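# Summary of the model geometry
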Amino acid sequence: MSAPTYAFFSRLARVFNAGQSRCVILHGNIYDLFWDGSAYVPLIHFLQQKVAVPGIIRLVYELNGPIRVDEADYEKLRNAWVSWKTGMSVDLLNLRDLKRRENNLQQRSDEYDSLMRGAIGNATQALEFLRQLTICSRTTLNENLMIIIEAADMLLPAGRGDIAHLNDAQLRRVSIVSDWFGDPNFITGSDSVCLVAESRSQIHPRIARLPQVLAVEVPSPTKESRLHFIEHFQATADRPA
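Residues numbered from 1 in each chain as written. Predicted model: local features only at pLDDT ≥ 70, side-chain atom pairs only at ≥ 80, totals over all residues. Heavy atoms only, no water.

## Focus on the overall build of the protein
A tally of helices and strands in the protein yields 11 helices and eight strands. Over its C-alpha trace the protein gives a radius of gyration of 20 Å, about what one expects of a compact globule, namely 18 Å for 241 residues. Once the C-alpha set of the protein is aligned to its principal axes, its extents read approximately 65 × 45 × 35 Å. Buried positions account for 44% of the 241 residues belonging to the protein. (Helix = DSSP H or I, 4+ residues; strand = E, 2+ residues; numbered from the N terminus. Rg over C-alpha atoms; globule rule 2.2 N^0.38 Å. Buried < 20%, exposed > 50% of the residue type's maximum accessible area, 1.4 Å probe, protein only.)

Right, here's the structure in full:
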């Protein structure tokens, strides 16, 4: 049985690569497992593997979890953050590192670490920090950011479709993301955001209905995909059927 292919990822890649949109809602069969070439993995892991290409820094924000980024990219982002905040080039930062960084540089470096850690349990802070990272990216990074945000329907709940029934934290998050995705500099930039949710309708309409936000559906697996999963399971199970 041939390995499954995923048209939804091809569609997602075309949207970003062609510049059709910088923000996409990925919805549908998001809790399934997907073939990454060697194993069946959750969707977030699958997306991380597929977008692991030169020139892309991958960030993943998990609900009630940290902002995850590869170790090498963590340092690169930290230097870019300090450079952006201080107005000093990354090259000068590296030279200054050899001579013991000044207090302001150290404070900005510590600020970055604190914001990364502070994302745990503080979704509002995490979204604002990610928004600021895309501003930082446009001015100080050679690479582009690919930001994957899971459980977007819980971070930005639709509620009753208005803002009157949102609590203060939810209202603040909707405001942050609306400003973020509506920023002309972000729209014409090269960073990308993928919101993952079971249904587009479960995300607040002030976000989901923005004309620049596109949606890509993850369909249910085909018969061939199901058979490939069964064969792989039987071949790798500790107790073959």
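## Thoughts on the packing of helix α1 (residues 7-17) against helix α2 (residues 43-50)
Across the interface, α1 lies against α2 with an axial gap of 12 Å and an inter-helix angle of 50°. Put simply, α1 runs oblique to α2. Classified by chirality, the crossing of α2 by α1 is right-handed. Of α2, the residues touching α1 (which contributes Phe8, Phe9 and Leu12) are Leu43, Phe46, Leu47 and Lys50. (Axes fitted to C-alpha atoms, helices over the stretch in contact; angles between N-to-C directions. Parallel < 35°, antiparallel > 145°, perpendicular 65-115°, else oblique. Left-handed = near helix turned anticlockwise from the far one by under 90°. Contact = heavy atoms within 4.5 Å.)

## Quick word on the packing of aromatic side chains
Here a ring pair, both rings aromatic, is described through the centre-centre distance and the interplanar angle of the planes. Considering all chains together, one arrives at 16 aromatic pairs under this definition. For the pair Tyr6 and Phe46, a centre-to-centre distance of 5.2 Å together with 75° between the ring planes defines the contact as edge-to-face. In this pair, Tyr6 sits in the segment before α1 while Phe46 sits in helix α2, placing the two residues 40 residues apart along the sequence. Here Tyr6 and Phe46 have matching classes, each one buried. A ring pair is formed by Tyr40 and Phe229, whose centres lie 4.9 Å apart and whose planes are at 80°; its orientation type is edge-to-face. One end of the pair, Tyr40, is in strand β3 (residues 40-42); the other, Phe229, is in helix α11 (residues 223-236), with 189 residues separating them in the sequence. Judged by relative accessible area, which is 14%, Tyr40 ranks as buried. On the basis of relative accessible area, Phe229 is assigned to the partly exposed category, the value being 34%. Cluster of aromatic residues (ring-pair linked, three or more members): Tyr6, Phe8, Phe9, Phe34 and Phe46. (Phe/Tyr/Trp six-rings, centres within 6.5 Å; stacked < 30°, edge-to-face > 60°.)

## Observations regarding the environment of Glu128
Tracing the sequence through the fold places Glu128 in helix α6 (residues 123-140). Residues Glu128 and Ile176, spaced 48 residues apart in sequence, show a C-alpha to C-alpha distance of 6.3 Å. Glu128 has contacts with Arg172 and Ile176, leaving out every residue within four places of it along the chain. For Glu128, the side chain forms a polar contact with the side chain of Arg131, separated by 2.7 Å. (Polar contact = N/O pair within 3.5 Å; in protein donor to acceptor, adjacent residues only side chain to side chain.)

## Re the packing of helix α3 (residues 71-86) against α6
It is the contact of α3 with α6, at a shortest axis distance of 9 Å, that shows an interaxial angle of 80°. Considering the angle they form, α3 stands roughly perpendicular to α6. Residue-level contacts link Leu77, Ala80, Trp81, Ser83, Trp84 and Lys85 of α3 to Phe129, Gln132, Leu133, Ile135, Cys136, Thr139 and Thr140 of α6. In terms of residue class, the contact of α3 with α6 is built from eight nonpolar, four polar and one charged. (Nonpolar A, V, L, I, M, F, W, Y, C, P; charged D, E, K, R; others polar.)

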